[in-house]
Amino acid sequence: EHNFNAAEVNAMITASLQGSGVSAPGVGGWSTRGDVHTASVTFSQDADYTFDIEYTDLAGNAAADYTEDRFTVDKTAPEIEFFDIEDKSANKGVVAPGVRYSDVNYTEAGVNITIEGAKDEHSVTALSGDRSSIPNGESIKMADFAHTEENDDVYTMKAVIRDKAGNETEETVLFSVNRFGSTYEFAPETKEFLDKFYTNDPQDIIVTERNVDTLVFNGISYGRDGRQTELKEGEDYTVKASGSEVSWKQYI
């Protein structure tokens, strides 16, 4: 506009968040370069905005109608909360974890929740359970893990939630299901030795103990001629431990 008057610019800006009005920004100062006049509006806060503008020059000519803009600024990441399960916990009773997630601009397409066990047969699968709506999101509650030995394992539940604006949150919870305790296995050479029953050439006994969880106590004893004797670690036997928090633990 050649005959520009900033006072005649009428910018109409509204802002609301979850249906309630919030403070809207204003048009900044104008700069002029020839007949081109520029001002900035900074939309810095989370809100749903509308923007419209009208102008009439000094001669009374109205600018062409501007199509109202509608858009959302969302810089807040989704919230995720696991419930009915503790991170890095060992569980032997009812194990029925849940997860809830929410965001003002939540979309079901942005939800990816999986559970994976350390065993090969417990590969990554989508989380299943009872789903219910919560404000701006959803909640999923798993059924109790079946009380079968094959379900004993170390599990990782992972939730990745992305909202409509592309903000993403990722959370994980690690826990074990351990209702059947340790399993034991003799080394092949030990099993062959024990199968003979009698010997005149004693040898070391090698046994492997596996458990979902880290052992807080282990011990070895033997009976001889009706007497029970506790062995001392480091003197009568050694233990080689392996495994991590996301795997089964093994003791040889």
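Before reading on, note that the structure itself is shown above.
Sequence positions are assigned chain by chain, starting from 1 and proceeding in written order. The predicted nature of this model means local features are confined to residues of pLDDT at least 70 and side-chain atom pairs, given and counted, to a pLDDT of 80 or more, with totals for whole chains, interfaces and linings taken over all residues. Working from all heavy atoms in the structure, the side-chain values ignore hydrogens and water.

Caption draft 1: Spatial organisation of the overall build of the chain. Along the chain, the regular secondary structure elements total 1 helix and 21 strands. Both definitions apply: the radius of gyration is a C-alpha atom measure, and the globule rule equals 2.2 Å times residues to the power 0.38. What you see for the chain is a C-alpha radius of gyration of 33 Å, clearly larger than the 18 Å of a compact globule of 252 residues, by over 25%. Seen along its three principal axes, the alpha-carbon backbone of the chain occupies a region of about 120 × 40 × 25 Å. When the 252 residues of the chain are sorted by exposure, 29% land in the buried category. Looking at the chain as shown, the accessible area adds up to about 16500 Å², and 47% of this sits on carbon and sulfur atoms. Helical segments are the DSSP runs of H or I of at least four residues, strand segments are the runs of E of at least two, and each set is numbered from the N terminus. Whether a residue is buried, partly exposed or exposed follows from its accessible area with a 1.4 Å probe, protein chains only, as a fraction of its type maximum: under 20%, in between, or over 50%, in that order. Here the accessible surface of atoms and residues is derived via Shrake-Rupley with a 1.4 Å probe, and residues count as covered only by protein chains that are part of the display.

Caption draft 2: Looking closely at the packing of aromatic side chains. Here is the rule: rings of Phe, Tyr and Trp (six-membered ring for Trp) pair when centre to centre is within 6.5 Å. Planes less than 30 degrees apart are stacked, more than 60 are edge-to-face, and the remainder are tilted. Within this structure, the stated rule accounts for 11 aromatic pairs. Ring geometry for phenylalanine 43 against tyrosine 49: centres 4.8 Å apart, planes inclined by 70°, an arrangement best described as edge-to-face. Here phenylalanine 43 falls in the partly exposed class, since its relative accessible area comes to 22%. Note on tyrosine 49: relative accessible area 3%, which makes it buried. Summarising the aromatic geometry, the rings of phenylalanine 43 and phenylalanine 71 are spaced 4.9 Å apart at their centres and angled 85° between planes, so their arrangement reads as edge-to-face. Here the residue phenylalanine 43 occupies a position in the loop between strand E4 (36-38) and strand E5 (47-54), and phenylalanine 71 occupies one in strand E6 (residues 69-73), the gap between them amounting to 28 residues. Owing to a relative accessible area of 29%, phenylalanine 71 belongs among the partly exposed residues under this scheme.

Caption draft 3: Region of the structure containing a nonpolar patch on the surface. Patch membership is restricted to residues that have no salt bridge and whose relative accessible area is over 30%. Joining uses 9 Å for like charges and 5 Å for the nonpolar side chains Val, Leu, Ile, Met, Phe, Trp and Tyr. By convention in these notes, a salt bridge is any Lys or Arg side-chain nitrogen within 4 Å of a carboxyl oxygen on Asp or Glu. A surface patch of nonpolar side chains, amounting to about 460 Å² of accessible area, comprises Tyr184, Phe186, Leu194, Ile205 and Val207. Topologically, isoleucine 205 is positioned in the loop between helix H1 (188-196) and strand E17 (207-211).

Caption draft 4: Quick peek at the sheet that holds strand E21 (residues 249-251). The 4 strands lie next to each other as E16-E17-E21-E20, forming an open sheet whose pairing is antiparallel. The two strands at the open ends of the sheet, each matched to only one other strand, are strand E16 (183-186) and strand E20 (241-242). Whether two strands pair comes down to DSSP finding at least two bridges between them. Relative to E21, E17 runs antiparallel, the two being bridged by 3 bridges. By the bridge assignment, arginine 210 is partnered in E21 with glutamine 250.

Caption draft 5: Structural context of the pairing of E17. The pairing of E16 with E17 spans 4 bridges and is classified as antiparallel. For tyrosine 184, the partnering residue across the bridge sits in E17 and is glutamate 209.

Caption draft 6: Expanded view of the pattern of salt bridges. The full count for this structure, using the stated rule, is 10 salt bridges. Taking the shortest distance from any N to any O, the salt bridge between glutamate 185 and arginine 210 comes out at 3.1 Å. Taken as a pair, glutamate 185 in strand E16 and arginine 210 in strand E17 lie far apart in primary sequence, 25 residues in all.

Caption draft 7: Representation of the environment of serine 176 within the structure. One can find serine 176 in strand E15 (residues 168-177). Along the primary structure serine 176 and glycine 28 are separated by 148 residues, whereas in three dimensions their C-alpha atoms are 58 Å apart. Not counting residues up to four positions away in its chain, the partners in contact with serine 176 are Ser89, Ala90, Asn91, Asp153, Val154, Val212 and Asp213. Engagement of the side chain of serine 176 in a polar contact is seen with the side chain of aspartate 213, the distance being 2.5 Å. Any two residues whose heavy atoms approach within 4.5 Å at even a single point are treated as in contact. Polar contacts here mean pairs of N or O atoms no more than 3.5 Å apart (in protein, one a potential hydrogen donor and the other a potential acceptor; neighbouring residues in sequence count only if both atoms are side-chain atoms).

Caption draft 8: Representation of the environment of alanine 159. Summarising the element assignment, alanine 159 is placed in strand E14 (residues 153-162). Separated by 98 residues in sequence, alanine 159 and asparagine 61 place their C-alpha atoms 57 Å apart. Discounting residues that sit within four places of it in the chain, alanine 159 has contacts with Ile80, Phe82, Val99, Asn112, Ile113, Thr169, Glu170 and Glu171.

Caption draft 9: Expanded view of the sheet that holds strand E11 (residues 125-126). Read from one edge of the open sheet, 5 strands run E8-E15-E14-E10-E11, paired in mixed fashion. At either margin of the open sheet sits one strand with a lone partner, and together these are strand E8 (89-91) and E11. In this sheet, E15 lies alongside E14 in antiparallel orientation, the contact comprising 10 bridges. Bridge assignment links arginine 162 to a residue of E15, and that residue is glutamate 168.

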